[in-house]
Amino acid sequence: MTADHNRPTVVVVGSTMIDLVAYVSRMPGRGETLVGDRFQMGFGGKGANQAVMARLLGAEVVMVNCLGDDAYGEMTLDNFANYGIDTTNVNRVPGASGVAPIWVEPDGSNRIIIVPGANHRLTGEQAARSVRRTPSAAVVVGQLEIPQPTTAAAFEAARERGATTVLNPAPAARLSSGLLEMSDWLIPNEVEFEMLTGSSADSDSALVGFSRETATRLVVTVGEQGAAIVAGTGDRVVRVPAPTVDPIDTTGAGDAFVGAFAVGIALGLAELDAVRLGNACAADSVTRPGTQSSFPRPDRAGRFLADVMAT
């Protein structure tokens, strides 16, 4: 790989969404109409969020995605351009781009529905070709908001290039053997881990067992408690606490973690330092409303990175 160690290349193969966020005093009941407090439209999609966080930390970021030919698609491309994210490998098809209606309660908790739209039109051939056209890629990141065979094809191409593959298995779904075989790291949150395994992320033995079963490295994000990593040779769990903050909106915090962790790995940081970087960026993001708009700006993100590298 020829990537500059100080500015590594991260390829994100994944989704884009337009977030339609309603802030409410409580969730409405079945058949109930509730008056919300306020509304915000923003840019989201797990792939796009992770790409933005990686870029805010100074990485060169290549986005691989499929957008519709609607106004949301144009808005998404403009947003990527504003961040300096490479969209050479973003495809366009007739139809609607992805959207995500989101409800946020006063304590910052959220409920999300995603409507993938054009995201599901990205093919494995397109994804693999995009990765092969990026020989400097140090890390390739994927999620489950696009078809698993598409991500598996991208990860196979990444392995050919010697890049590390990071899978955020969200929304939780049964993982195909082909995708698992090509994944170096899995990063679910605690809810997704329980859905995937039937076990609590509080159990060290469950984490170690899942890591061995899937033959992957494993990090589980556990909200305000930080993250748990199956460390070293895969026989012990280290729980890394998150900074203490007053949360306003947790939307996108997991994506901030994944994007930051990916940059840490791309920079060659020790795995625990990559987790600490993820924790710092995720914790900071929940102190502001929105998704990408809540992520730490480059100067603040840079200080988090400098602090981690200094320790």
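Per chain, residue numbering runs from 1 following the sequence as it is written. In keeping with the predicted nature of the model, local features appear solely for residues at pLDDT of at least 70, side-chain atom pairs appear and are counted solely at 80 or more, and the whole-chain, interface and lining totals rest on all residues. Only heavy atoms go into the side-chain values, all of them from the structure, while hydrogens and water stay out.

Considering helix α8 (residues 253-266)
For step 1, the next point in the chain: Secondary structure elements follow DSSP: runs of H or I of four or more residues count as helices, runs of E of two or more count as strands, with numbering from the N terminus. Each helix should span, by expectation, one fewer than its residue count multiplied by 1.5 Å. Between the first and last C-alpha of α8 there are 20 Å, a value that for 14 residues agrees with the 20 Å anticipated at 1.5 Å per step.
For step 2, the next point in the chain: The buried fraction of α8 is high, at 13 of 14 residues.
For step 3, the next point in the chain: G268, located one to two residues past α8, shows a positive phi value of around 85°. In this scheme, a residue with accessible area under 20% of its type's maximum is buried, one over 50% is exposed, and one in between is partly exposed, where area comes from a 1.4 Å probe on protein chains only.

Concerning the sheet that holds strand β13 (residues 236-240)
For step 1, the next point in the chain: Read from one edge of the open sheet, 9 strands run β5-β4-β1-β8-β9-β10-β11-β12-β13, paired in mixed fashion. With one partner strand each, in any of the chains shown, β5 (86-92) and β13 form the two edges of the open sheet.
For step 2, the next point in the chain: By definition, two strands form a pair when at least two bridges between them are found by DSSP. Inspection of the sheet shows strand β10 (residues 185-186) paired to strand β11 (residues 217-221) by 2 bridges, in the parallel sense. Its bridge partner lying in β11, W185 is registered against R217.
For step 3, the next point in the chain: Across the sheet, helix α1 (residues 46-56) is in contact with β1 (9-13), β4 (60-67) and β8 (137-142); its angle to β4 comes to roughly 165°.
For step 4, the next point in the chain: Contact between two residues is taken to exist if any of their heavy atoms lie within 4.5 Å; hydrogens are not considered. Helix axes are fitted to C-alpha atoms over the stretch in contact, other axes to C-alpha atoms as well, and angles between N-to-C directions run from 0 to 180 degrees. Of the strands in this sheet, β1, β8 and β9 (164-167) are in contact with helix α4 (residues 148-161), which crosses β9 at around 155°.

Considerations on the confidence of the model for the protein
Keep in mind that low pLDDT regions are not for reading the predicted coordinates in detail.
For step 1, the next point in the chain: Every residue is assigned a pLDDT by the predictor, reflecting its confidence on a scale from 0 to 100. Averaged over every residue, the pLDDT of the protein is 95; the share at 70 or more is 98%.
For step 2, the next point in the chain: Counted against residues more than four places away or in other chains, residues 1-5, with its pLDDT under 50, gives 10 contacts.

Comments concerning the pairing of strand β12 (residues 227-231)
On a regular strand, each side chain points to the face opposite its neighbour's, so the side chains alternate between the two faces of the sheet.
For step 1, the next point in the chain: Of all 5 residues in β12, 5 are buried; the element is thus mostly enclosed.
For step 2, the next point in the chain: Neither face of β12 is exposed, since A227, I229 and A231 on one face and A228 and V230 on the opposite face are all buried.
For step 3, the next point in the chain: Strand direction decides the pairing type here: β11 and β12, joined by 3 bridges, are antiparallel. Looking at the pairing, V219 lines up with I229 of β12.
For step 4, the next point in the chain: Hairpin connection from β11 to β12: 5 residues lie between these consecutive antiparallel strands, with G223 at a positive phi of about 60°.
For step 5, the next point in the chain: The antiparallel pairing of β12 with β13 creates a hairpin that spans 4 residues between the two strands, and G232 there sits at a positive phi of about 55°.

Topic: the nonpolar core
For step 1, the next point in the chain: As used in this record, nonpolar core signifies buried Ala, Val, Leu, Ile, Met, Phe, Trp, Tyr and Cys residues forming a set joined through side-chain atoms within 4.5 Å. Ranked by internal contacts, the top residues of the largest apolar core, which has 54 residues, are M53, L57, V219 and F261.
For step 2, the next point in the chain: In terms of residue count, the dominant contributor to this core is α8 (10 residues).
For step 3, the next point in the chain: Those residues in contact with V219 that sit more than four places away from it in its chain are W185, L186, I187, P188, A227, A228, I229, F257, F261 and V275.
For step 4, the next point in the chain: Core analysis: the next-biggest nonpolar cluster, separate from the first, contains 40 residues, L122, L186, F210 and A228 among them.

Here we look at the pairing of β9
For step 1, the next point in the chain: Pairing between β8 and β9: 4 bridges, direction parallel. Each bridged residue has a counterpart across the sheet, and for V139 the counterpart in β9 is T164.
For step 2, the next point in the chain: Crossover handedness is defined here as right-handed if the route from the first strand over the helix to the second strand goes clockwise, with the strands pointing away from the viewer. A crossover connection joins β8 to the parallel β9 through α4; in handedness this β-α-β unit is right-handed.
For step 3, the next point in the chain: Of the pairings in the sheet, the one linking β9 to β10 comprises 2 bridges and is parallel in character. Residue pairing across strands places L167 opposite L186, the latter belonging to β10.

A few points about the pattern of salt bridges
For step 1, the next point in the chain: Think of a salt bridge as a Lys or Arg side-chain nitrogen and an Asp or Glu carboxyl oxygen that are within 4 Å of each other. Under the criterion given, the structure shown has 14 salt bridges.
For step 2, the next point in the chain: One salt bridge connects E60 with R7, and the closest N-O pair in it is separated by 3.8 Å. A residue pair is termed long-range when its members are at least 10 positions apart, and E60 in strand β4 and R7 in the segment before β1 qualify at 53 residues.
For step 3, the next point in the chain: With relative accessibility at 33%, the residue E60 sits in the partly exposed group.
For step 4, the next point in the chain: Note on R7: relative accessible area 37%, which makes it partly exposed.
For step 5, the next point in the chain: Bridged by salt links that share partners, the residues R7, R55 and E60 form one connected network.

Details of the side chain of T16
For step 1, the next point in the chain: If you trace the backbone, T16 turns up in the loop between β1 and β2 (17-23).
For step 2, the next point in the chain: Polar contacts involving the side chain of T16 include one to the side chain of N65, which spans 3.1 Å.
For step 3, the next point in the chain: Setting aside its immediate chain neighbours within four residues, T16 contacts G44, G45, A48, M63, N65, L67, T76, F80, G98 and N119. Identification of polar contacts relies on pairs of N or O atoms within 3.5 Å, with a donor-acceptor requirement for protein atoms, meaning one able to donate a hydrogen and the other able to accept it, and with residues adjacent in sequence counted only if both atoms are side-chain atoms.

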